[in-house]
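A look at the structure
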Amino acid sequence: MSQGNGTMGTAPALYRDGRDATMARRTSATRGSMPLPELLVSKESKAMASFGVRDLDAMLRFVPRRYVEPAPLRALREISEGQEVSAIVQVESFRSRQMRSRYGFIVEATVSDGSDELPLTFFLPKQHHVEWYAKRLPVGATIGVHGAVGRDDYRGGLQLTHPDFETVEDTEEGRAWAQRPRPVYPLKQNISLATMRSAMEKGLEFAGSATSAVPAQILRRRSLPDLAEAARLVHTPLTMDDTRRGMAHLLFEEAFVFQAIFAQRRAQDERTPAPQLRAGGPLQQLFDERLPFSLTDGQREIGDLLAERIGNGHPTSALLQGDVGSGKTVIALRAMLRAVDSGHQAVMLAPTEVLAEQHHRTVLELLGELGRAGQLDGAPEATRVRLLTGSQRTSARRETLLDVTSGQAGIVVGTHALLTEGVEFASLGLVVIDEQHRFGVDHRRRLRAKGPQGMSPHVVVMTATPIPRTAALATVGDLDVLTLAESPGRRAGVESFVVHEKLPAWEQRMWQRAGEEIRAGRQVFVVCARIDEDEADDTPAQPALDENGKEKSPALDPARGVVQTAERLASRPELAGARIGVLHGRLSGEEKQQVMEQMVHGELDLLVSTTVIEVGVDIPNASVMIVLDAERFGVSQLHQLRGRVGRGEHPGLAFFDTSAVVDEVHSRHLRAIAEAPDGFALAELDLRRRGAGDLVGEEQSGLQRTLKHLDVLRDARWIEAAREDAFSLVAEDPELDGHPELAAAVAARLRDADPDVERS
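One structure accompanies this document, and this report is about it. (Residues numbered from 1 in each chain as written. Predicted model: local features only at pLDDT ≥ 70, side-chain atom pairs only at ≥ 80, totals over all residues. Heavy atoms only, no water.)

1. Let's talk about the sheet that holds strand β11 (residues 384-388)
Spatially, β11-β12-β10-β13-β14-β9-β15 is the arrangement adopted by the seven strands of the open sheet, whose pairing is parallel. Whereas interior strands pair on both sides, the edge strands pair on one side only; in this sheet they are β11 and β15 (480-484). Across the sheet, the mean angle from the axis of one strand to that of its neighbour is 20°, orientation sign disregarded. Here helix α13 (residues 328-341) sits on the sheet and contacts β9 (317-322), β10 (345-349), β12 (409-414), β13 (428-434), β14 (458-463) and β15; the angle it forms with β10, its principal contact strand, is near 150°. Packed onto the sheet, helix α15 (residues 394-406) meets β10, β11 and β12 and runs at close to 130° relative to β11. (Pairing = 2+ DSSP bridges. Helix = DSSP H or I, 4+ residues; strand = E, 2+ residues; numbered from the N terminus. Axes fitted to C-alpha atoms, helices over the stretch in contact; angles between N-to-C directions. Contact = heavy atoms within 4.5 Å.)

2. Section: the packing of aromatic side chains
Here the distance between the centres and the angle between the planes together describe a pair of aromatic rings. Scanning the model with the defined rule gives nine aromatic pairs in all. Both rings, one in F122 and one in F165, keep their centres 6.0 Å apart while their planes meet at 70°; by these two values the pair is edge-to-face. Here the residue F122 occupies a position in strand β4 (residues 117-124), and F165 occupies one in strand β7 (residues 164-167), the gap between them amounting to 43 residues. Of the two residues, F122 and F165, neither departs from the other in class, the shared state being buried. For the ring pair F258 and F262, a centre distance of 6.4 Å and an interplane angle of 65° mean the geometry is edge-to-face. Residue F258 and its partner F262 are both found in helix α10 (residues 240-271); the two are separated by four residues, about one turn of the helix. On the basis of relative accessibility, which here comes to 1%, the residue F262 falls in the buried class. Taken together, the ring pairs in this structure connect F122, W132, Y133 and F165 into an aromatic cluster. The side chain of K188 reaches across the aromatic face of F51, ending 4.8 Å from its centre. (Phe/Tyr/Trp six-rings, centres within 6.5 Å; stacked < 30°, edge-to-face > 60°. Buried < 20%, exposed > 50% of the residue type's maximum accessible area, 1.4 Å probe, protein only. Lys NZ or Arg CZ within 6 Å of the ring centre and 35° of its normal.)

3. Section: the packing of α13 against helix α14 (residues 353-367)
For the pair α13 and α14, interaxial distance at closest approach is 12 Å and the crossing angle is 70°. Classified by the angle between their axes, α13 and α14 sit roughly perpendicular to one another. Only H359, V363, L366 and L367 of α14 make contact with α13, whose side of the interface consists of T329, V330, L333 and L337. In terms of residue class, the contact of α13 with α14 is built from six nonpolar, two polar and no charged. (Parallel < 35°, antiparallel > 145°, perpendicular 65-115°, else oblique. Nonpolar A, V, L, I, M, F, W, Y, C, P; charged D, E, K, R; others polar.)

4. Structural notes on the pairing of strand β23 (residues 652-658)
Across the seven residues of β23, seven count as buried, placing the element largely inside the fold. Side-chain alternation along β23 places G652, A654, F656 and T658 on one buried face and L653, F655 and D657 on a second face that is also buried. Two elements, strand β16 (residues 494-500) and β23, share seven bridges in a ladder whose sense is parallel. Counterpart to E495 in the pairing with β23 is L653. The pairing of strand β22 (residues 622-627) with β23 spans four bridges and is parallel.

Nothing here speaks to function; it is all geometry.
In structure tokens, the structure reads:
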């Protein structure tokens, strides 16, 4: 139903037999993606271009945001004021007159359904508008009319003011057409819904020439309509069931292209040589013997699966996921030692310098004398562990690069600095990437190119933000997912609470509790959303959802900064005498390292920080995490932050401090996070709330950012069916030589995902 011009257009023949006859005639048109300026008038093609839609293929897949279903058909004698009504009527009379009190015209068309009459009233500014309506409402015409029943204050009777109408036939088919759902497309300034609908109707005439990425035999096997039929069902449906059948094609097609990409990557891995990391000792055995704890059954099982994969002669791409504290680092380190035992090197890549330095300390502590090759207290079998970051001093960097190039450093920990061209490895066999959502496909590709003698190293990416199975298939489907479900049980754990600043007694008790922990010899983290309050607050609030599932953003108080928060806490009586430090991204690498060493050595009681401590930071003595303005943080961020405490023998407390009103949407959301038992439950919550794209991280250069139609929870069955079909097809035709439409769709999707990433 068009909005704003009072007309719905004339019903085409497609409601008679379900397919526009013109479509069949267009099937033989030129194959390929037709530029829209060749099909549409300038206004229509510009409207589509404003949404990035520039060709026929893209336009047919540009789906409505929603549909408007007309009110049920009624007899005019049954209607009453305030109702939304639909009726099939005939035009009895048409007249117009100029308004007396203001500029413009009144048009009144009287219509009848044989039982009663009703005036349709339009207020129009120009004479040519009157003429336009006169042509479309001739006496004797049968029309379908839809609108809200109002009252004519002058005459006292009922009327429809500016209703939507269209010419129909008073037949069963005509009534069905009049009752069809109307698509509502996204709009921008100066673009009308009528323009969008008109453009789409013209495009549908050429739908037979559009290219589908899914082979016809697969569509038949899955009982799916072809693209032309799917487009008709989506854009000109007779029923809402039509829209679902049409969308099924688009959902399956999108999933199919994704899975073809993943299948090709797997196939490429199978054709690429990789170092066979099969050695069983001595470092691995010595490391297991010196661990101060026993590995869990889950750690051993996942470790064995990983060892099996990296022992192959083709590169492994695996996702190692487990909740905070599940012991992923130990599993990864055992695999890295297997690489060293096999005569190769291993790298651990971290997203921040703070995390890289933390991993370096952790690896050295876990290895002990096994990581001190060349030192007096090093074991005979030891390897050398090196750290490489962008802010390292020149002398330290030069020394590290020499050990890396010569192969003296069996294990290297670092940041993006490891990806630069100047870093050459003697024989890189394994890459471990921590927090994979911070690194893109391009990062993985550059590390893959650093393998020895034309071989590609194995890649293992770790995340403490678990991805539900169907989301993993849709977003990281080129990776084998290894899930560590159990925790070692060596940690005291964390209890989480939501603290409302609008309840002052709660907030006061939170700071009292922090002071009690400090006086007991333990340490506290306080996290802020930004560094300095004197600067513009550009930290976006996480979008909230109303009861209808629509986004809304309640007004939030300005976010607090690290600098000012540290000053305020120094004067709080509950924290009297506490040694307070600050940590944020503007400090130099040396300053950050110094602050973290002070925390590690117990020289600070309370650290005020940004989310630079979000992942990987391990201070076993820290027992309290206070997140200020918690409503500004994402689900995974809050879970990661609370995972920084309770890592030792003392139970952890996490406080999500918020300015939100109690039981308002942000408050309820924070409570759901606090009550979630683990990262797996939170991943499901986050996925339902925000979708797969955000779940795996916006910094990820990759395909999930370009999900257009798929909902990875709702559409699980289509994702799994598409995976089965795509992997089977690629197994028979790895280069897609026999499927040029699919090959083109794959190339386009990769280009959309990241123009700088090669197809590898």
